[in-house]
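Okay, here's what each chain looks like letter by letter:
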Amino acid sequence: MPLNIFYNRIPKKYLTPYLYITAVSNNGAALSLVPDKFKTIEMCINAVANDGLAIMYIPKQMKTFSICINAVKNNKLALKFVPNDIINMVCNALNISYL
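About the criteria used
Residues numbered from 1 in each chain as written. Predicted model: local features only at pLDDT ≥ 70, side-chain atom pairs only at ≥ 80, totals over all residues. Heavy atoms only, no water. Buried < 20%, exposed > 50% of the residue type's maximum accessible area, 1.4 Å probe, protein only. Helix = DSSP H or I, 4+ residues; strand = E, 2+ residues; numbered from the N terminus. Arc of directions from axis to C-beta. Contact = heavy atoms within 4.5 Å. Axes fitted to C-alpha atoms, helices over the stretch in contact; angles between N-to-C directions. Parallel < 35°, antiparallel > 145°, perpendicular 65-115°, else oblique. Left-handed = near helix turned anticlockwise from the far one by under 90°. Nonpolar A, V, L, I, M, F, W, Y, C, P; charged D, E, K, R; others polar.

K.L.:
Help me get a handle on helix α5 (residues 87-94), residues and values and all.
P.N.:
The set of residues buried in α5 consists of Ile87, Val90 and Cys91. The buried residues of α5 occupy an angular sector of 95 degrees when the element is viewed end-on, so they sit on one face. Across α5 from its buried face, at more than 90 degrees, point the exposed residues Asn88 and Asn92. Packing partners of the buried residues in α5 comprise α4 (65-74). Positive phi appears at Asn95, one or two residues downstream of α5, with a value of about 55 degrees.

Okay, structure coming up:
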């Protein structure tokens, strides 16, 4: 079942940073529902540790080398969402090639 079905049923007053952190820790894809103003580096690390493809929901300025490495380790398809300026470093660190 899509996450937004549950999300849309939660009253706005309960959509707190703690709720978002808890949701993302349990399901990295929940990061797609978190407004950018509530996203933190720690939350993004938890998201990609749970689901490497959660990197697609991380704002570019928050895509650190560490987050990108962990995302790609979790799921090689996450490489598609690594910023161009660090993709070579990520590939070299993980000894993979990017075509």
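K.L.:
Go over the packing of helix α3 (residues 41-50) against α4 with me, naming the residues and quoting the values.
P.N.:
With their axes 8 Å apart at the nearest point, α3 and α4 run at an angle of 15 degrees to one another. When the axis of α3 is compared with that of α4, the two are roughly parallel. Note on packing geometry: the crossing formed by α3 with α4 is left-handed. Facing α3, whose interface residues are Ile41, Cys44, Ile45, Val48, Ala49 and Asn50, α4 presents Ile67, Asn70, Ala71 and Asn74. Counted by class, the contact of α3 with α4 contains seven nonpolar, three polar and no charged residues.

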